[in-house]
Amino acid sequence: YLGMKYIEKHEYNGNLENGTKIERETMSNAIKSIFGPTATYTDASATDDCPGATYDNASQTYTVVGGCGGSLIPYYEKEIIKAVEYSDRIEIEEKALYAVPEMSDETSEVQLKLYTADQETLLDTVSSEEKDIITKYQDKLATYKYTFKEEDGKYYFDSVELMQ
């Protein structure tokens, strides 16, 4: 999934269309750009993601499948609350919640059902025009810490940790 998102952003200007063929080498380079030059992975189809892709071993290509459009698609609302650079890494702390847009039967306006990021606890239902959602619910949200390790002057994703 991350490889496809990297390719979509960096090689297709955010517009990766259904049916697009991507060479295995392009995917390998994307994975190494995210996780570092020694990163390894297994070529495989991933059709539940957006964008999804099927892998053909004979041609060593990925083919983009599925659409990623629509207006009432659930999403993560995120906010960085802390970022610290150390000599060998960068650590970024983030609060996140899961927002599910729905049409209100009563008012025909879009409302957001707000859940914790693990999608287990409903926090509230608010107008889609609501501002500063993370600030309002931050005491009820988990914090995630992302670590990026420095290698040869570049930073690569290393880990994500759920903090309490």
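Scroll up to find the structure this text is about.
Below, the structure is looked at part by part.

### Some words on the pairing of strand β3 (residues 61-65)
For step 1, the next point in the chain: Where burial is concerned, most of β3 is hidden: four out of the five residues are buried.
For step 2, the next point in the chain: Here strand β1 (residues 21-23) pairs with β3 via three bridges, running antiparallel. Bridge assignment links isoleucine 22 to a residue of β3, and that residue is tyrosine 62.
For step 3, the next point in the chain: Where strand β2 (residues 52-56) lies against β3, five bridges are found, and the strand directions are antiparallel. Within β3, the position partnered with aspartate 56 by the bridge is threonine 61.
For step 4, the next point in the chain: Linking two consecutive strands that pair antiparallel, namely β2 and β3, is a turn of four residues; a positive phi of about 50 degrees is found at glutamine 60 within it.

### Here we look at the packing of helix α1 (residues 2-11) against helix α2 (residues 24-35)
For step 1, the next point in the chain: Between α1 and α2, whose axes approach to 9 Å, the crossing angle comes to 100 degrees. When the axis of α1 is compared with that of α2, the two are roughly perpendicular. For the pair α1 and α2, the contacting residues are Leu2, Gly3, Met4, Tyr6, Ile7 and Glu11 in the first and Thr26, Met27, Ala30, Ile31, Ser33, Ile34 and Phe35 in the second.
For step 2, the next point in the chain: Looking at the contact of α1 with α2 residue by residue, the classes come out as nine nonpolar, three polar and one charged.

### Let's talk about unusual backbone geometry
For step 1, the next point in the chain: Despite not being glycine, glutamine 119 has its phi angle at roughly 65 degrees, a positive value.
For step 2, the next point in the chain: Tracing the backbone shows glutamine 119 in the loop between β6 (110-116) and β7 (122-127).
For step 3, the next point in the chain: A positive phi angle, close to 55 degrees, is found at aspartate 132, a residue other than glycine.
For step 4, the next point in the chain: Here aspartate 132 lies in the loop between β7 and α3 (133-137).
For step 5, the next point in the chain: Judged by its relative accessible area of 59%, aspartate 132 is exposed.

### A closer look at the sheet that holds β2
For step 1, the next point in the chain: The three strands lie next to each other as β1-β3-β2, forming an open sheet whose pairing is antiparallel. Taken across any chain shown, the strands that pair with only one partner, and hence form the sheet edges, are β1 and β2. Taken over all neighbouring pairs, the strand axes of this sheet differ in orientation by 30 degrees on average, direction set aside.
For step 2, the next point in the chain: In this fold α2 packs onto β1, β2 and β3, with an angle of close to 70 degrees to the strand it touches most, β1.

### Points about the environment of isoleucine 7
For step 1, the next point in the chain: Along the chain, the position of isoleucine 7 falls in helix α1.
For step 2, the next point in the chain: The exposure class of isoleucine 7 is buried, given its relative accessible area of 0%.
For step 3, the next point in the chain: In this structure, the C-alpha to C-alpha distance between isoleucine 7 and alanine 117, residues 110 residues apart in sequence, is 26 Å.
For step 4, the next point in the chain: Non-local contacts of isoleucine 7, meaning those with residues more than four positions away in its chain, are made with Tyr12, Ile22, Thr26, Met27 and Ala30.

### A few points about the layout of surface pockets
For step 1, the next point in the chain: Considering only enclosed or pocket space, the largest pocket measures out at about 780 Å³ in volume.
For step 2, the next point in the chain: In terms of lining residues, the largest pocket is bounded by 24 residues, among which Tyr1, Leu2, Lys5, Lys78 and Tyr146 are the most central.
For step 3, the next point in the chain: Elements that contribute at least two residues to the lining of the largest pocket include exactly α1, β4 (75-85), β5 (89-103) and β8 (143-151).
For step 4, the next point in the chain: The element contributing the most residues to the lining of the largest pocket is α1, with six residues.
For step 5, the next point in the chain: Its boundaries defined by the atoms lining it, the second largest pocket holds a volume of some 190 Å³.
For step 6, the next point in the chain: Around the second largest pocket, the lining is made up of 16 residues, and of these Tyr1, Met27, Ala44, Ala46 and Tyr62 lie nearest the centre.

Basis of the calculations
Residues numbered from 1 in each chain as written. Predicted model: local features only at pLDDT ≥ 70, side-chain atom pairs only at ≥ 80, totals over all residues. Heavy atoms only, no water. Buried < 20%, exposed > 50% of the residue type's maximum accessible area, 1.4 Å probe, protein only. Helix = DSSP H or I, 4+ residues; strand = E, 2+ residues; numbered from the N terminus. Pairing = 2+ DSSP bridges. Axes fitted to C-alpha atoms, helices over the stretch in contact; angles between N-to-C directions. Parallel < 35°, antiparallel > 145°, perpendicular 65-115°, else oblique. Contact = heavy atoms within 4.5 Å. Nonpolar A, V, L, I, M, F, W, Y, C, P; charged D, E, K, R; others polar. 1 Å grid on protein atoms, 1.4 Å probe; cavity = no way out; pocket = protein on both sides within 12 Å on 5 of 7 lines; lining within 4 Å. Points joined across faces, edges and corners; volume = space filled by probe spheres on them.

In short, shape yes, function no, at least from these values alone.
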